[in-house]
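Here is what each chain is made of, one letter per residue.
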Amino acid sequence: MTEKGRSFPVDPSVPRWACQNCRNPLYIVGVDPHSEKFLNESSSRSGMQGSSMHGASSVLSSTRMDHSFVVLPQRTQPPGVPPRPRGGAVQSDIGHPGKAMDESFVVVYKSESSTDAGGNHMPAPGGGSNCSSQSNNFGFDSTITVLKRAFEIATNQTQIEQPLCLECMRVLSDQLDKEIEDVNRDVEAYEACLKRLEGEPRDVLSEADFLKEKLKIEEEERQLEAAIEEIEKQNADVNSQLKELDLKSSKFKELEERYWHEFNNFQYQLISHQEERDAILAKIEVSQAHLELLKKTNVLNDAFPIGHDGEFGTINNFRLGRLPKIPVEWDEINAAWGQACLLLHTMCQYFRPRFQSRIKIIPMGSYPRIVDSNNNTYDLFGPVNLFWSTRYDKAMTTYVTYLKEFAEFAYSKDQENNIPPEKCFKLPYKIDGDKVESYSITQSFNKPETWTKALKYTLCNLKWALYWFVGNTNFQPLSAMVSSHAEVPAGGSLYAKRGTDSKSMFRR
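So, here's what we can say about the structure. None of the values given here were measured: they were computed from a predicted structure.

Overview of the nonpolar core
Move 1: Within the largest apolar cluster, 55 residues are counted, with the highest numbers of intra-cluster contacts made by Trp337, Leu344, Met347, Tyr399, Phe406 and Leu462.
Move 2: Taken together, the elements giving at least two residues each to this core come down to strand E10 (312-315), helix H6 (330-350), helix H7 (389-416) and helix H8 (448-471).
Move 3: With 13 residues, the single largest contributor to this core is H8.
Move 4: Dropping the residues within four chain positions of it, Tyr399 is found in contact with Trp337, Ala340, Cys341, Leu344, Ile361, Ile370, Thr458 and Leu462.

This is how it looks when you write it as C-alpha cells:
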C-alpha cells in the first residue's frame, strides 16, 4: 500500500478496513500471523495505513508518545484461551523505527501465561508445533478482535464512525479543536455574565410586596386563562363554522357538478334541436323551390309539348303529316290530331261563355270530330280515300278557322287590358281559309310536302296560342319554355313579339 511516498507490503490474510469518511481502504501490513516470530517478538504490532483512534486524550498533532495512545484495560483471560501479545499495537509506520511517532496507537496488554480458573497453565492439546501454531493463530485473531473492539469504543466515545485515515483524522481534529475553542469562548462569556450578575445589587421584596406581586400575577394568570377559554370557544365556533362551510362547499360542488351535467345535456339537446331545425329549414327550402317550380309549371305545357322532327311538326312526339320518302302511319297522324283538338278545346272551354263560336270540337282520343257553324260534323281522322278526302279536308279547314277565331279573341282581350297594339297577340303564321301562310292544309289534289308544311305551321300557331293562354290565366309558363321559344314582353304577354327562332324552326 502506498500513502504519500510510503509503501507497505500487503498481507491478503489480514482483515481489511476502509476509512469511514473518504472510503479509502486501510490495510494491516508487515505481520505474518502464521510465523513464530509473531509470538516470540514482544511487539506484535500490525501496521494500518493512516489508522488512528481518537479518544478523550488522542491528538494527532502531538509528537509525544504518551499523548498518542488509547490504552485498553487489561482483561483476565478465560480458561483455555491462549495469551495475548503484550506489545500488540496498531501503528502506521512500522518500516520507519527511527521516525518520531506522530500517529495514534492502540496498546493491548498481554498476560504472561494463560491460566485456568485455578491459576494453572493450560497446555495446548497435542503439544509441540501444533500448540505453537494454534497459539499463533489465536493470538492474531485476538489482536484483530481487540482492534474491532477498539474501533467500537472509539466510535461510541467520539460519535464518529471509526476507523479514519490520517488525513480525515487531521481534518476531524481541526474541526474538534475549533468546536472546543467555540465552547471555551461560550464558557468564558457565561462566566463573565455570572460574575456581573453576582456583582449587581439585589432588591429583595418584603413579604407584603411579594404577596401583592403574587396576587397580581395570579390575577393576570386568571385573566389569561379566561382569555384562553374565550379563544378556545371562538376556536370551537370557528371549527363548527368551518365544518358548516365544508358541508356547504360539498353541496355546492354537487350542485355545480349537477349543473354542468344538466348544462351538457341541455347543450346536447339544443344542438340536436338546431340540427333538426336546420334539416327542417332545408326541407322547407327544397319544398319552396319545388313549389316555385310547380307554380311555374303549366299542365298544358307538360301535357301537350309541341315541337318538330325534321319536316314534321310534332305534338306529344306524334308526327303530323306525310312525305313520299317518310310515310307516317295514320294511327300516328290521328293521335297527333287528337292531341291538337284536345288542347284547343281545353283553351276555348276555359274562356266560355265570353268566347262564343259556332264551331265545336269533340275530342275523342285518336278519333276527334269537328262540328262547323252549320252544325255539320266531320271526322278528323284517317285513313281517307279519294271519295272521303273532301270531308277530311273540311274538318282540317274548320279546325284552323276555329284556331283563328281563338286568336282574334285573344287579340281583343289584350286590347281590353290596354296592351299596345304592336304587343297584342297575333299568330305567327297567317290563316286565310284553308291556307296557312300560303300553304293549303287540304290533302286532296295537294302535294304531301305542302300539306305537311301547312300542318307544321298550324302546330306552331297552336303553340303560340298556348303561350298566350298560360300568360293570361292563372297558369304560369315554364321558364325553360319561355327562354327557349319566346321572349316575354314588358306587358306580360308571351305572344306579343314573334319568336323568329320558333317560327324558323317550323319553317324548316
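Points about the pairing of E10
Move 1: By the alternation rule, side chains of E10 split into Phe312 and Thr314 and Gly313 and Ile315, which are all buried.
Move 2: Where strand E9 (residues 306-309) lies against E10, 4 bridges are found, and the strand directions are antiparallel. The residue bridging Gly307 from the neighbouring strand is Thr314, located in E10.
Move 3: Following E9, the chain reverses through 2 residues before pairing antiparallel with E10; Gly310 in that reversal takes a positive phi of roughly 70 degrees.
Move 4: When E10 meets strand E11 (residues 318-320), the two strands line up antiparallel, connected through 3 bridges. Note that in E11 the partner of Ile315 across the bridge is Phe318.
Move 5: Between E10 and E11, which pair antiparallel in sequence order, lie 2 residues; one of them, Asn316, sits at a positive phi of approximately 55 degrees.

So, the sheet that holds strand E13 (residues 369-371)
Move 1: Here 3 strands make up an open sheet; going across it, the order is E12-E13-E14 and the pairing antiparallel. In this open sheet, the two strands that pair with only one neighbour each are strand E12 (360-362) and strand E14 (377-379). When the angles between neighbouring strand axes are averaged without regard to direction, this sheet yields 25 degrees.
Move 2: Bridging between E12 and E13 involves 3 bridges; their strand directions are antiparallel. When the sheet's bridge partners are listed, Ile361 is paired in E13 with Ile370.
Move 3: Packing against the sheet, H7 makes contact with E12, E13 and E14, and its axis sits at approximately 110 degrees to E14.

Side note on the environment of Pro163
Move 1: Secondary-structure assignment places Pro163 in the loop between helix H2 (128-158) and helix H3 (166-199).
Move 2: As for Pro163 and Ala150, which are separated by 13 residues in sequence, their C-alpha atoms are 9.4 Å apart.

Here we look at the pattern of salt bridges
Move 1: One pass over the full model with this rule turns up 9 salt bridges.
Move 2: Of the charged contacts in the structure, one is a salt bridge between Asp278 and Arg277, with a shortest N-O distance of 3.2 Å.
Move 3: Put simply, Arg319 and Glu332 hold a salt bridge, and the shortest N to O gap is 3.1 Å. Of this pair, Arg319 sits in strand E11 while Glu332 sits in helix H6, and the two are 13 residues apart along the sequence.

What to know about the packing of aromatic side chains
Move 1: Taken as a whole, this structure holds 20 aromatic pairs when the rule is applied.
Move 2: A ring pair is formed by Phe355 and Phe406, whose centres lie 5.9 Å apart and whose planes are at 80 degrees; its orientation type is edge-to-face. With Phe355 in the loop between H6 and E12 and Phe406 in helix H7, the pair connects residues that are 51 residues apart, well separated along the chain. Each member of the pair, Phe355 together with Phe406, is buried.
Move 3: A centroid spacing of 4.2 Å and a plane angle of 10 degrees characterise the contact between Tyr429 and Tyr457, whose relative ring orientation is stacked. Of the two residues, Tyr429 is situated in the loop between H7 and strand E15 (431-432) and Tyr457 in helix H8; the sequence distance between them amounts to 28 residues.
Move 4: Site record: aromatic cluster; members linked through ring pairs are Tyr350, Phe351, Phe355, Tyr402, Phe406, Phe409, Phe425, Trp468 and Phe469.
Move 5: Here the basic side chain of Arg319 rests over the ring of Phe312, its NZ or CZ set 5.6 Å away from the ring centre.

Rules of the game
- Residues numbered from 1 in each chain as written.
- Predicted model: local features only at pLDDT ≥ 70, side-chain atom pairs only at ≥ 80, totals over all residues.
- Heavy atoms only, no water.
- Core = buried A, V, L, I, M, F, W, Y, C linked by side-chain atoms within 4.5 Å.
- Buried < 20%, exposed > 50% of the residue type's maximum accessible area, 1.4 Å probe, protein only.
- Helix = DSSP H or I, 4+ residues; strand = E, 2+ residues; numbered from the N terminus.
- Contact = heavy atoms within 4.5 Å.
- Pairing = 2+ DSSP bridges.
- Axes fitted to C-alpha atoms, helices over the stretch in contact; angles between N-to-C directions.
- Salt bridge = Lys/Arg side-chain N within 4 Å of Asp/Glu carboxyl O.
- Phe/Tyr/Trp six-rings, centres within 6.5 Å; stacked < 30°, edge-to-face > 60°.
- Lys NZ or Arg CZ within 6 Å of the ring centre and 35° of its normal.

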